[in-house]
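Working through the structure, step by step
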Amino acid sequence: MSLTRLALLGGEPVRRKPYPAHNTIGEEERAAVTSVLDSGLLSGFVAGGSEEFLGGPEVRRLEAAYCAKFRAKHAVAFNSATSALHACVAAAGIGPGDEVITSPYSMSASATCVLMQNAVPVFADVEERTFCLDPDSVVKLITPRTRAIVAVNLLGQPAELGALREIARRHALRLIEDNAQAPGATYRGRYTGTIGDMGVFSLNRHKTIQCGEGGIAVVDDSNLALRLQLLRNHGETVVESHGDPTLYGMIGWNYRMTELQAAVARAQVQKLDWLNAWRVRLAEHLTKRLRGCEYLEPPAVRAECSHVYYSYAMRIRSDLWGVPRDSVVKALVAEGIPVGRGYAKPLHLLPLFRRGRHVGGRGCGPACPAYQGNVDYREGLCPVAERLYRDEVLTTNICRYPAVEADVDDLVAAVEKVFANRDALRGWSEG
Ligand SMILES: *Cc1c(COP(=O)(O)O)cnc(C)c1O
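In this report, the structure presented in the accompanying data block is examined. Given the structure is predicted, the values throughout are model-derived calculations rather than measurements. (Residues numbered from 1 in each chain as written. Predicted model: local features only at pLDDT ≥ 70, side-chain atom pairs only at ≥ 80, totals over all residues. Heavy atoms only, no water.)

On to the overall build of the protein. A count of helices and strands for the protein gives 15 helices and 14 strands. For a compact globule of 431 residues, the expected C-alpha radius of gyration is about 22 Å, and the protein comes in at 23 Å, within 12% of that figure. C-alpha extents for the protein along the principal axes are approximately 75 × 55 × 40 Å. Expressed as a percentage of contacts within the protein between residues at least 6 apart in sequence, the contacts between residues at least 24 apart total 71%. Accessible area for the protein stands at about 17,800 Å²; split by element, carbon and sulfur atoms hold 51% of it. (Helix = DSSP H or I, 4+ residues; strand = E, 2+ residues; numbered from the N terminus. Rg over C-alpha atoms; globule rule 2.2 N^0.38 Å. Contact = heavy atoms within 4.5 Å. Areas by Shrake-Rupley, 256 points an atom, 1.4 Å probe, with all protein chains shown as cover.)

This is how it looks when you write it as structure tokens:
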């Protein structure tokens, strides 16, 4: 079977059936939404000095559910993780001239949250096996201007949060966790998102649990929690009543979550554990099945941690294939297996950083007159992230509800078939 012709070259594909659609919205969410519609209160926020400054009953129940689930003192709901990340950077008091060290191998908001405050993102490289921030690379980039680290728990894997926390402590930096992709993952027995000073979860439609669009910041420090609440909802209108002049310069936005989103999100929180367990079961099955093929490295799991497999990322041993990663991906896709190449382009290579004149064309961020440093966004800056993206990583999202083991086995069959036919594939990619 494995020596039959590659589908890419006109052979029969391993799989013709599409993978089952991933839809976790059901009766629970429908009931939650109906009850909000019946109440007529689609958003509970008022930007004024009343209880409603903190949002409606559904938003507050959702925040309580996050506090209970993740054992955090405070949770603040936002209309996206992007706005929550921006609010965290602002709550940390970061502004023009400041540097924040972040990962280039992430979704763009892990860095644009810094630019939004007219501060400067500095990209450290990532670890070879986990794709998360490399603490050694972070340490080398600390300057007198560094104010914070944004650690990304990428694809469901915890970053090296213990070491990053220690670095942050030693240099008096804030540690912000971008935990959009790892809700429910643990680092040495603690939930990711709760190890840094602030942690951000996403509820956008692609994430493990979702309400269309939404984000949650969790935080133990009450002063940071207050700042997040003020930043979410035009805090400038109410700061006087707090009697704290350090809050007076704060500009709030409309980063509010609606009652509808909150109701859906709360129903989804109830499903998080079993949705994660489903992913972990299939991912572990796949890892076990791939153990035989040394030419495709399954994802590493950091010691004393749990991975929740937002995506299942493998690395290709190009030396054993003798064909570029992208050809392997094309061949697998032709076999009916949805795989993607590289995850996301390292952020320092985006035009925003390579050629951008941030903010209104005049160049704030790195070009701001308040900035005394000399940040670098050249190609080659983060060799590990660049190599992973360009040559090695391939990802798949098949390890999730409602797929089953047999669906995952098709990937293994396709990989074995393509590897057995690598000479034909080489001919194809060279010709
Ligand atoms: C999805 C995601 C975000 C942004 O989430 P939104 O809710 O869409 O704003 C930020 N960081 C990472 C790593 C993400 O995957």
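Within a sheet, adjacent strands bond to each other through the backbone by hydrogen bonds, running parallel or antiparallel. Spatially, 7 strands are ordered E1-E9-E8-E5-E4-E2-E3 in an open sheet, and the strand pairing comes out mixed. One side of each edge strand has no neighbouring strand; the edge strands of this open sheet are strand E1 (74-78) and strand E3 (120-123). Strand after strand, the sheet turns through a mean of 25° between neighbouring axes, direction not considered. Examined bridge by bridge, strand E2 (residues 99-102) and E3 share 4 bridges and lie parallel to one another. Each residue of the ladder has a partner; that of Val100, found in E3, is Pro121. Contacts between helix H2 (residues 57-70) and the sheet are confined to E1, strand E8 (198-202) and strand E9 (215-219), with E1 contributing the most and set at about 135° to the helix. Here helix H3 (residues 81-91) sits on the sheet in contact with E1, strand E5 (174-178), E8 and E9, set at roughly 170° to E8. (Pairing = 2+ DSSP bridges. Axes fitted to C-alpha atoms, helices over the stretch in contact; angles between N-to-C directions.)

All right, on to the environment of Asp407 then. As for its position among the elements, Asp407 is in helix H14 (residues 405-420). Excluding residues within four positions of it along the chain, Asp407 makes contact with Arg15, Tyr19, Pro20 and Ile398. A distance of 2.9 Å separates a polar atom in the side chain of Asp407 from a polar atom in the side chain of Arg15. (Polar contact = N/O pair within 3.5 Å; in protein donor to acceptor, adjacent residues only side chain to side chain.)

Time to look at the site of the ligand. The immediate surroundings of the ligand are formed by 13 residues, with Thr82, Asp178, Ser202, Asn204 and Lys207 found nearest. For the ligand, an oxygen atom lies 2.8 Å from a polar atom in the side chain of Gln181. In this structure, an oxygen atom belonging to the ligand sits 3.0 Å away from a side-chain N or O atom of Lys207. Contact with the protein chains removes 93% of the 380 Å² of surface that the ligand exposes when unbound. Residue composition of the shell around the ligand, grouped by class: 4 nonpolar, 7 polar and 2 charged. (Near = heavy atom within 4 Å. Nonpolar A, V, L, I, M, F, W, Y, C, P; charged D, E, K, R; others polar.)

Turning next to the pairing of E5. With 4 of 5 residues buried, E5 lies mostly within the body of the structure. Handedness of the crossover is the feature at issue here: the chain leaves strand E4 (residues 146-152), passes through helix H6 (residues 161-170), returns alongside E5, and the resulting connection is right-handed. (Buried < 20%, exposed > 50% of the residue type's maximum accessible area, 1.4 Å probe, protein only. Right-handed = clockwise from strand over helix to strand, strands pointing away.)

This paragraph deals with the nonpolar core. The biggest cluster of nonpolar side chains holds 40 residues, and the ones touching the most others in it are Tyr105, Phe131, Val138, Ile149 and Leu164. Among the elements of the structure, helix H4 (109-115), E3, E4, H6 and helix H13 (383-392) are those that each provide at least two residues to this core. Top contributing element to this core by residue count: H6, with 4 residues. When sequence neighbours within four positions are dropped, the list of residues in contact with Leu164 reads Leu133, Pro135, Val138, Ile149, Ala151, Ala159 and Leu175. (Core = buried A, V, L, I, M, F, W, Y, C linked by side-chain atoms within 4.5 Å.)

Counted according to the given criterion, the structure contains 18 aromatic pairs. A ring pair is formed by Phe70 and Tyr191, whose centres lie 5.2 Å apart and whose planes are at 80°; its orientation type is edge-to-face. Here Phe70 is found in helix H2, whereas its partner Tyr191 is found in strand E7 (residues 190-191), with 121 residues between them in sequence. Across the pair, exposure class does not vary: Phe70 and Tyr191 are buried alike. Here the aromatic residues Tyr66, Phe70, Tyr191 and Phe201 are joined through ring pairs into a cluster of three or more. In this arrangement the basic side chain of Arg15 is found over the ring face of Tyr19, its NZ or CZ atom lying 3.8 Å from the centre. (Phe/Tyr/Trp six-rings, centres within 6.5 Å; stacked < 30°, edge-to-face > 60°. Lys NZ or Arg CZ within 6 Å of the ring centre and 35° of its normal.)

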